[in-house]
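Read off the chains here:
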Amino acid sequence: DESPSDCFSSCLQRAAPKHNADWWTLWLGILTFALAAALVFAIPYDPDTTRVKYVVPQPMPWEKNPLDAWDAYNGVGIFLLLAIFDAMYLSALRFMGKTTKADGGGADWNKIATHARGFVFVAAVATLAYWIGRNKFWTMNGLGYATLSILIGIGIGNSPFIGRLPSARLVAKDGEFFIKCSLASLAVEFGIIARVGLPAIVVAWVGSPLALILGYLAGTRLLKVDARLSLLICTGATWCGASAMSAVGSVLDSPNEDISLCISLVVFATVVLTYAQAYVALGTGMSDAVAGAWIGGSIDQTGNVVASAAIVSEGAMEVAAIVKIVLNSALGILATVIAFIWQFRSGKGDAGGDGEKAPTQKKKEFSWIFLWEKFPKFVLGFVICSTILSAAMPSIRETAEAEAMLRAVKTMNTWWFAFGFIGIGIGTDLKQMWHSARKSGVIPVYLIANSLDILISLGLSYLVF
C-alpha cells in the first residue's frame, strides 16, 4: 500500500503540470483574472463616465453606425489585449511541448508562427462576431456574440475556402481549451446568492437541476442514448446553453463533434423559443414577475433571456435577468458536482453507454489519485478566483472599482468564450452533424429535457412569484 506522501508524489508526477493542457487552463484562467484586476486598478478613469463599464477593451453597444462601438481607448486597446491573449496561448503551447521540435531540441519557430497566424485569424473573427453582437437590433433579437460566433464559425468551417486556412483549422481544434480558460476565470461573488432573493433561487436551483436529472434519466433509461451525450444535451437544454455544455463537455471528456452537435441544436432551438415563450406569456396574461422568472429559468443563453423578456416588459426583463444570474452563478458548482460524480462513476468501472457497466470491461479499483487526475483543473480556477473576488468585494463595495471589477472579469470570460465558440464553429461539419443528430437520438432527448425545463420553471414561477 502506498503511504499518503507516496500517493501525493505519484499524483504530481502523473499530472505533470508543465505539459498538461488541463493544468494550463487553470494557470491561464488565474492569469486572466489577475489581468482583469490589474486593469481595474491601474487604468485611471472617472467613476461618472462609461469607462467603468469598458475597462477591458471591447466593442461598445451601437445602433446605426458601426464605428460608434469604438473609442480611442477600445480601438487601440483591443490590439494590445488580443496580443496578450496570443502571447498567453503561445506560451502555454510552448510549455505543453506542442511547439517544440520533433527531436525535442528546442522551439520550432514554424509551428509557433503557424499557431500565431491561426490565433490572429480566430481572434479577428471573434472580434467581428462580438462587434456585430453589440448592435442593438441583434441584441434585442437574441443574436449576441455567442450565437454569432458559432454561426460565423460554422460558415467559415463549411465554406470552400477553409482548405486555404490550415493555421485557422489548427487553432480551431483548441476551441475547448479556450473555453476551459474562460471557465477557470469565471469568478462569481458568492454573496450574490444571498442578495437576489429566495424566489429566484428556487426557480433557478430547483427547476433546472430537477429537469436535468429527469431528462438524463429519460434519455438513458427510456431512449437508451449514450450516457455522456445524454448528460451533455440535457445540460444545454436545462442550464446555460453553450457555456454550460462546454463546461460539462470538458468534464466528461466529450468529443468535440458531440459538443458541436449539442451546441448547434440548442442554439437553433433557443432562437425559436426566444420569441415563442415571450408571446405565450403575453397571450396568456402572465404577470411580469411570473413571465420573467419563467423565461429566465427556461431559455438558454443570457442574451436570449434578456431579448425574450424585453418583449414582455421591462419588469419581466429585470426578473429574468436576476433568475439567469443565479443560474449562471452555479455553473462552476454544476461542473464540480458532475466532475466528482462522473469520475467516481468511471473509477468504479461504470462505463456502459446507457449507464450500465460494460460487460467486457474489468472493474477498476477506486483510487483518489484517479479522481484527481481526471478532475477538471479549470474548476479549481473557478473556486480560487471566486474566493478572491468574494473576499475582496466587501472592501471596495459602493466604489467605481467594484462595478469595474465585476464587468472586467465578465468581459475577459467573454473573450475566451468567443475564441472557443469560433473554434467549435469552424470544426463543425454540417453534413456529419445532421447525420449524427439523427443517428444518436439526441433530438428526442433534447425535446424531453427542454419540455421538462419549461414546464417545471413555469410551475415554480407561479408558485413563488
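Residues numbered from 1 in each chain as written. Predicted model: local features only at pLDDT ≥ 70, side-chain atom pairs only at ≥ 80, totals over all residues. Heavy atoms only, no water.

**Q** How would you sum up the overall build of the chain? Please name residues and give values.
**A** Across its full length, the chain carries 22 helices and zero strands. Expressed as a percentage of the 465 residues in the chain, the buried residues total 53%. Long-range contacts, defined here as pairs at least 24 residues apart, represent 76% of the contacts in the chain between residues at least 6 apart. Accessible area for the chain stands at about 20600 Å²; split by element, carbon and sulfur atoms hold 66% of it. (Helix = DSSP H or I, 4+ residues; strand = E, 2+ residues; numbered from the N terminus. Buried < 20%, exposed > 50% of the residue type's maximum accessible area, 1.4 Å probe, protein only. Contact = heavy atoms within 4.5 Å. Areas by Shrake-Rupley, 256 points an atom, 1.4 Å probe, with all protein chains shown as cover.)

**Q** Lay out the nonpolar core with the relevant residues and their values.
**A** Counting 136 residues, the largest nonpolar core has Phe85, Phe177, Ile233, Trp239, Trp415 and Phe419 as the members making the most contacts within it. When residues of this core are assigned to their parent elements, the largest contribution, 16 residues, is made by helix 20 (residues 400–426). Not counting chain neighbours up to four residues away, the residues in contact with Phe85 comprise Phe119, Met412, Trp415, Trp416 and Phe419. (Core = buried A, V, L, I, M, F, W, Y, C linked by side-chain atoms within 4.5 Å.)

**Q** Lay out the pattern of salt bridges in plain terms, naming residues and giving numbers.
**A** In the structure shown here, the tally under the stated rule is one salt bridge. Residue Glu403 pairs with Arg407 through a salt bridge whose shortest N-O separation is 3.1 Å. Taken together, the residues span about one helical turn, with Glu403 and Arg407 both in helix 20 at a distance of four residues. Using a relative accessible area of 36% as the deciding quantity, one classes Glu403 as partly exposed. (Salt bridge = Lys/Arg side-chain N within 4 Å of Asp/Glu carboxyl O.)

**Q** Which residues make up helix 13 (residues 256–283), and what values go with them?
**A** Its 28 residues give helix 13 an end-to-end C-alpha distance of 40 Å, which sits within 8% of 40 Å, the value for a rise of 1.5 Å per residue. At Leu273, helix 13 shows its maximal bend, which comes to roughly 30 degrees. A positive backbone phi angle near 70 degrees is found at Gly285, which sits one or two residues after helix 13. (Expected span 1.5 Å × (residues − 1). Bend = angle between axes of the 7 residues up to and from the residue.)

**Q** Explain the packing of helix 6 (residues 145–157) against helix 20 to me, using residue names and the numbers behind them.
**A** Between helix 6 and helix 20, whose axes approach to 6 Å, the crossing angle comes to 30 degrees. As judged from the angle between their axes, helix 6 and helix 20 are roughly parallel. Judged by the sense of rotation from one axis to the other, the crossing of helix 6 with helix 20 is right-handed. Facing helix 6, whose interface residues are Tyr145, Ala146, Ser149, Ile150, Gly153, Ile154, Ile156 and Gly157, helix 20 presents Thr414, Phe417, Ala418, Phe421, Ile422, Gly425 and Ile426. (Axes fitted to C-alpha atoms, helices over the stretch in contact; angles between N-to-C directions. Parallel < 35°, antiparallel > 145°, perpendicular 65-115°, else oblique. Left-handed = near helix turned anticlockwise from the far one by under 90°.)

**Q** Give a detailed account of the layout of surface pockets, specifying residues and quantitative values.
**A** Here the largest pocket is characterised by a volume of approximately 2000 Å³. Looking at the lining of the largest pocket, the elements with two or more residues in it are helix 4 (109–133), helix 5 (136–140), helix 6, helix 9 (192–195), helix 12 (242–252), helix 15 (302–312), helix 16 (314–329) and helix 20. Tallied by class, the residues present in the lining of the largest pocket amount to 23 nonpolar, 16 polar and ten charged. (1 Å grid on protein atoms, 1.4 Å probe; cavity = no way out; pocket = protein on both sides within 12 Å on 5 of 7 lines; lining within 4 Å. Points joined across faces, edges and corners; volume = space filled by probe spheres on them. Nonpolar A, V, L, I, M, F, W, Y, C, P; charged D, E, K, R; others polar.)

**Q** Explain helix 22 (residues 442–464) to me, using residue names and the numbers behind them.
**A** Note that an α-helix has 3.6 residues per turn; residues three or four places apart therefore point the same way. The terminal C-alpha atoms of helix 22 lie 32 Å apart, and with 23 residues this matches the ideal 33 Å at 1.5 Å per residue to within 8%. As for helix 22, its buried residues are in contact with helix 10 (198–222), helix 11 (227–238), helix 13, helix 14 (288–298) and helix 21 (430–440).

**Q** Report on the side chain of Thr238, specifying residues and quantitative values.
**A** Structurally, Thr238 can be placed in helix 11. A polar atom in the side chain of Thr238 sits 2.7 Å from the backbone oxygen of Cys234. What Thr238 contacts, discounting residues up to four positions off in sequence, is Ser208, Ala211, Leu212, Asp300, Leu327, Ala449 and Asp453. (Polar contact = N/O pair within 3.5 Å; in protein donor to acceptor, adjacent residues only side chain to side chain.)

**Q** With reference to specific residues and values, describe the packing of aromatic side chains.
**A** Under the definition given, this model contains 20 aromatic pairs. Both rings, one in Phe85 and one in Phe419, keep their centres 5.3 Å apart while their planes meet at 80 degrees; by these two values the pair is edge-to-face. Here the residue Phe85 occupies a position in helix 3 (residues 72–95), and Phe419 occupies one in helix 20, the gap between them amounting to 334 residues. Where Phe119 meets Phe419, the ring centres are 5.1 Å apart and the plane angle is 65 degrees; that geometry is what we call edge-to-face. (Phe/Tyr/Trp six-rings, centres within 6.5 Å; stacked < 30°, edge-to-face > 60°.)

**Q** I'd like to hear about the side chain of Thr414, residue by residue, with values.
**A** Among the secondary structure elements, Thr414 is positioned in helix 20. Accessibility expressed as a relative area gives 7% for Thr414, which makes it buried.

**Q** I'd like to hear about empty space enclosed by the protein, residue by residue, with values.
**A** The full count for this structure, using the stated rule, is one cavity of 30 Å³ or more. Quantified by volume, the largest cavity comes out at close to 50 Å³. Considering the residues around the largest cavity, the lining is formed by Leu183, Leu186, Ala247, Leu331, Gly332, Ala335, Thr336, Phe378, Val379 and Phe382. For the lining of the largest cavity, the secondary-structure elements that each account for two or more residues are helix 17 (331–347) and helix 19 (378–396). The biggest single contributor to the lining of the largest cavity is helix 17, with four residues. Across the lining of the largest cavity, the residue classes tally to eight nonpolar, two polar and no charged.

**Q** Please give an account of the packing of helix 12 against helix 13 that cites residues and values.
**A** The N-to-C vectors of helix 12 and helix 13 enclose an angle of 160 degrees; their axes lie 10 Å apart at closest approach. With respect to helix 13, the element helix 12 is oriented roughly antiparallel. Pair helix 12 / helix 13 crosses with right-handed handedness. Residues Ala242, Met245, Ser246 and Gly249 of helix 12 pack against Ile259, Cys262, Ile263 and Val266 of helix 13. Its residues placed into classes, the contact of helix 12 with helix 13 shows six nonpolar, two polar and no charged.

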